[in-house]
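# Topology and contacts: notes
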Amino acid sequence: MFDLTGKSAIITGARRGIGKGIALALAQAGADVLVSDIDLEDCKKACQEIEEKTGQQAIPFLCDVTNKEEVEGMVAMAVDEFGRLDILVNNAGISQFKDFFEMTEEEWDKVIEVNLKGQFLCAQVAAREMAKNGWGRVINVASIASGQVGVGFPQVAHYTASKGGVTGLTETLALELGPKGIRVNAIGPGIIETEMTSDMLSDEEQRRNILARTPIGRIGRPSDIGAAAVYLASDEADFVNGIVLFVDGGWLAG
Ligand code: NAP
């Protein structure tokens with residue numbers, strides 16, 4: 001089960017953190033991967049590590065997900081190198097704490113552009129390729145901060161709005177792309193130890209509070225999200241379409 005041998009995947013924002021964890025997990029399951037991000041040198045390092053650990057092909061690619069031409073170049077590169085594109089993981093994302101009254105229009109636009117428009121652009125270009133083969137998987141990275149989960153998050157109005165948009169996008173694409181053989185789902189990570197959360201988790205009090213709220217008593221790891229991506233990418237998840245799979249150690253249940 002969960003064998004991705006012969007499959008090819010693009011993972012955005014994958015030079016480190018959750019994206020790299022997903023790329024590694026997909027490769028461990030047998031997929032070849034294109035690791036894209038806005039820093040090519042880090043992509044190369046991530047690819048080297050993935051190839052050494054898995055023996056699968058890993059291709060570094062510079063791509064800003066808000067730039068349509070670069071997104072088209074990324075998908076074309078995957079098809080050239082792998083012969084087809086099966087899996088897209090829309091992982092690239094940014095966040096920044098800001099009081100609502102202090103938030104500028106530019107800050108709002110930037111987060112919405114990367115986190116939401118980026119997913120739209122990548123999904124549209126990638127799904128056109130997948131539709132040709134009648135098989136595909138789009139996995140959007142949402143968040144426990146995507147709204148309507150019973151808890152709100154202060155100081156990230158742009159981020160929560162973007163991630164709420166991701167869940168709506170996921171449902172709509174599941175309807176439109178399902179008949180074409182493409183399954184579209186989201187993963188909603190809890191607090192995962194990455195660069196994005198490093199300030200928060202290096203504050204002892206905040207770390208203690210997060211752990212106290214997490215029933216399994218640990219912070220999440222990129223590999224936890226990688227495992228969920230492998231499941232959603234697999235043939236076994238054929239009947240799973242339009243969901244948000246929360247992977248949070250029980251945080252939302254707390
Ligand atoms: P991360 O370590 O900061 O990784 C995100 C990567 O995306 C970074 O390398 C970042 O580069 C890159 N990126 C930024 N703008 C981009 C663009 N326009 N095009 C392509 N790549 C871009 O963060 P992470 O924690 O792994 O987050 C990955 C995803 O998980 C994000 O969508 C995030 O919202 C989501 N998530 C994270 C957590 C968590 O607890 N960590 C929880 C819920 C959801 P720069 O750093 O140079 O901007």
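Higher on the page you've got the structure.
My aim in this report is to walk through the structure given alongside it, one point at a time. All values reported here derive from a predicted model rather than from experimental measurement.

This brings us to the packing of aromatic side chains. On inspection of all chains with the given rule, the structure shows three aromatic pairs. Ring centres of Phe 2 and Tyr 231 lie 5.9 Å apart, and the angle between their planes is 75 degrees; on these two criteria the pair is classed as edge-to-face. Of the two residues, Phe 2 sits in the segment before β1 (8-11) while Tyr 231 sits in helix α8 (residues 222-233), which places them 229 residues apart along the sequence. A residue is classified by how much of its surface remains accessible, and Tyr 231, at 30% relative accessible area, is partly exposed.

For the rest of this paragraph, the subject is the site of the ligand. Around the ligand lies a shell of 28 residues, among which Arg 15, Arg 16, Asn 91, Tyr 159 and Thr 194 are the nearest. The side chain of Arg 15 places a nitrogen or oxygen atom 2.7 Å from an oxygen atom of the ligand. In the environment of the ligand, an oxygen atom lies 2.7 Å from a nitrogen or oxygen atom belonging to the backbone of Asn 91. Burial of the ligand by the protein amounts to 90% of the accessible area it has alone, namely 880 Å². For the shell around the ligand, a count of residues per class yields 14 nonpolar, eight polar and six charged.

A positive phi angle, near 60 degrees, is found at Phe 2, a position not held by glycine. Overall, the relative accessible area of 33% leaves Phe 2 in the partly exposed class. Of note, the phi angle at Gln 155 is positive, near 70 degrees, even though the residue is not glycine. On the secondary structure map, Gln 155 appears in the loop between β5 (136-141) and α5 (157-177). The class of Gln 155 is partly exposed, set by a relative accessible area of 39%.

Burial of strand β2 (residues 32-37) is extensive: five of the six residues sit out of reach of the surface. In this structure, β1 lies alongside β2, joined through four bridges in parallel fashion. Paired with Ala 9 across the strands is Val 33, a residue of β2. Relative to strand β3 (residues 58-62), β2 runs parallel, the two being bridged by five bridges.

This paragraph deals with the environment of Gly 147. By the secondary structure assignment, Gly 147 is in the loop between β5 and α5. Gly 147 gets classed as partly exposed once you look at its relative accessible area, which sits at 37%. Distance in space between the C-alpha atoms of Gly 147 and Lys 163 is 7.8 Å, their sequence separation being 16 residues.

The next point concerns the nonpolar core. One broad rule of soluble globular proteins: the nonpolar side chains tend to lie buried together. Of all hydrophobic cores here, the largest spans 36 residues; its most connected members are Ile 11, Ile 22, Leu 26, Val 33, Val 35 and Ile 87. Elements represented by at least two residues in this core include exactly β1, α1 (17-28), β2, α2 (40-54), β4 (87-90), β5 and α8. At seven residues, α1 tops the list of elements feeding residues into this core. Ignoring sequence-local partners within four residues, the contact set of Ile 22 consists of Ile 11, Val 89, Asn 91, Val 141, Ile 225, Gly 226 and Ala 229.

Read from one edge to the other, the open sheet built from seven strands follows the order β3-β2-β1-β4-β5-β6-β7, with strand pairing classed as parallel. With one partner strand each, in any of the chains shown, β3 and β7 (244-247) form the two edges of the open sheet. Mean inter-strand twist for the sheet, computed between neighbouring axes without regard to direction, equals 20 degrees. Relative to the sheet, α2 contacts β2 and β3, its axis offset from that of β3 by approximately 170 degrees.

Rules and cut-offs
- Residues numbered from 1 in each chain as written.
- Predicted model: local features only at pLDDT ≥ 70, side-chain atom pairs only at ≥ 80, totals over all residues.
- Heavy atoms only, no water.
- Phe/Tyr/Trp six-rings, centres within 6.5 Å; stacked < 30°, edge-to-face > 60°.
- Helix = DSSP H or I, 4+ residues; strand = E, 2+ residues; numbered from the N terminus.
- Buried < 20%, exposed > 50% of the residue type's maximum accessible area, 1.4 Å probe, protein only.
- Near = heavy atom within 4 Å.
- Polar contact = N/O pair within 3.5 Å; in protein donor to acceptor, adjacent residues only side chain to side chain.
- Areas by Shrake-Rupley, 256 points an atom, 1.4 Å probe, with all protein chains shown as cover.
- Nonpolar A, V, L, I, M, F, W, Y, C, P; charged D, E, K, R; others polar.
- Pairing = 2+ DSSP bridges.
- Core = buried A, V, L, I, M, F, W, Y, C linked by side-chain atoms within 4.5 Å.
- Contact = heavy atoms within 4.5 Å.
- Axes fitted to C-alpha atoms, helices over the stretch in contact; angles between N-to-C directions.

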